Amino acid sequence: MVSDFPACRGMKKIKKKKPTSHALPAFLIGWTHGEAPPPGYLAAWFDQRYGGPLQIRFLSGNGHHHFEALHTNWKAQVQMALSIEIVEQWRGRLQWEHRHLAQLIAPPQTQADRQDDVLHLARIARGLTLLMEGTTYDVATGVYRNPSDWNDRNLDVFQIHDHVQVEQHEQSQHMRMWLHTRGLTKFGLDEIETFQSIGLSGRESEAMLYEVAHQLMAQGKNPKIGEHISFSGEGLQVEVVRHRTDPLYGIPLAFREVRIT
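### Comments concerning the overall build of the protein chain
Broken down by element type, the protein chain carries 5 helices and 13 strands. Each of the 261 residues in the protein chain was classed as buried or not, and the buried ones make up 44%. Taking the intrachain contacts of the protein chain between residues at least 6 apart in sequence as the baseline, contacts between residues at least 24 apart amount to 53%. Total accessible area on the protein chain stands at roughly 15,100 Å², and carbon and sulfur atoms take up 50% of it.

What follows is the structure in structure tokens.
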């Protein structure tokens, strides 16, 4: 079709912007009774529990429902007032009866070692859960925690089992067990997986996945296909043999398969 505007021929074609993709929150916190406490309550709890100081920086001029909770170099973005659409979407997905919902967002992944960042996020999630007598949902691991569960996790130091889980699924059609991590996405990494025959104990494979996951968190980068990773200090190694995505949990998760060599 010939343009009715010849003068426009020398102009560059304007490309349509792609919709902005929004990262999943690190934690969701649901509660039923009362309004969310002011951020000062969270800061006071944090200072008493972890020594502080926790600084609050408001990100909106419309009240105290959107803020950053900062401690040293770590920060967590907190949104206490979400749209009805987002609340209903998560309530349906999680089958929650909570009327209110807050979310914690991880900061941009700039540094290699994110263990302290994730630990800080978990501490903020714990504080909000206790203050509101609600329930926390760890989006990456799929784990729910009530106030009593958080009391059992002091979070004084980083423990990988507080932030990463290893799950097992029987794949009868392939006559094998699928073992994989959940939680490495919080650290900006792909999850790792391995397979073994049905009927074998998964303890060794589970321990291996935890150890390899800890090494990858410290390195802060995904391993390449063909790369070898040592573990257990006994000359044992795994090889990264494949990269794929799987929508098992309702969202496409990236996995890197490792095999003991």
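### Focus on the side chain of Thr135
As for its placement among the helices and strands, Thr135 is situated in strand β6 (residues 135-138). Accessibility expressed as a relative area gives 10% for Thr135, which makes it buried. Reaching out from Thr135, the side chain makes a polar contact with the side chain of Asn146 at a distance of 2.9 Å. Residues within four places of Thr135 in sequence aside, it is in contact with Leu28, Ile29, Gly30, Trp96, His98, Thr129, Tyr144, Arg145 and Asn146.

### Regarding the nonpolar core
Core analysis: the largest hydrophobic core is formed by 50 residues, its most contacted members being Met80, Leu104, Ile124, Leu128, Leu184, Phe187 and Met217. Broken down by element, this core gets its largest block of residues, 8 residues, from helix α3 (residues 115-132). Core analysis: the next-biggest nonpolar cluster, separate from the first, contains 9 residues, Val87, Trp90, Leu94 and Tyr137 among them.

### Description of the environment of Arg91
Structurally, Arg91 can be placed in helix α2 (residues 84-94). Using a relative accessible area of 25% as the deciding quantity, one classes Arg91 as partly exposed. Sequence spacing of Arg91 and Leu101 is 10 residues, and the spatial spacing of their C-alpha atoms is 8.7 Å. Sequence-distant contacts of Arg91, defined by excluding residues within four places in its chain, comprise Trp96, Glu97 and His98.

### Focus on the sheet that holds strand β8 (residues 165-171)
As summarised here, the arrangement of the 6 strands in space is β8-β9-β10-β13-β12-β11, forming an open sheet in which the pairing is mixed. Of all the strands in the sheet, the pair left with one neighbour each is β8 and β11 (228-231). Strand-to-strand twist across the sheet, computed as the mean angle between neighbouring axes with direction ignored, equals 35°.

### Some thoughts on the pairing of strand β1 (residues 27-31)
With 5 of 5 residues buried, β1 is to be regarded as a mostly interior element. Side chains Phe27, Ile29 and Trp31 project from β1 onto one buried face, and the interleaved Leu28 and Gly30 project onto a second face that is buried too. As judged from the 5 bridges shared by β1 and strand β5 (residues 100-105), these two strands associate in the antiparallel manner. Its bridge partner lying in β5, Phe27 is registered against Leu104. Bridge count for β1 against β6 is 4 bridges, and the pairing is antiparallel. Across the sheet, Leu28 pairs through a bridge with Tyr137, a residue of β6.

Cut-offs and rules
- Residues numbered from 1 in each chain as written.
- Predicted model: local features only at pLDDT ≥ 70, side-chain atom pairs only at ≥ 80, totals over all residues.
- Heavy atoms only, no water.
- Helix = DSSP H or I, 4+ residues; strand = E, 2+ residues; numbered from the N terminus.
- Buried < 20%, exposed > 50% of the residue type's maximum accessible area, 1.4 Å probe, protein only.
- Contact = heavy atoms within 4.5 Å.
- Areas by Shrake-Rupley, 256 points an atom, 1.4 Å probe, with all protein chains shown as cover.
- Polar contact = N/O pair within 3.5 Å; in protein donor to acceptor, adjacent residues only side chain to side chain.
- Core = buried A, V, L, I, M, F, W, Y, C linked by side-chain atoms within 4.5 Å.
- Pairing = 2+ DSSP bridges.
- Axes fitted to C-alpha atoms, helices over the stretch in contact; angles between N-to-C directions.

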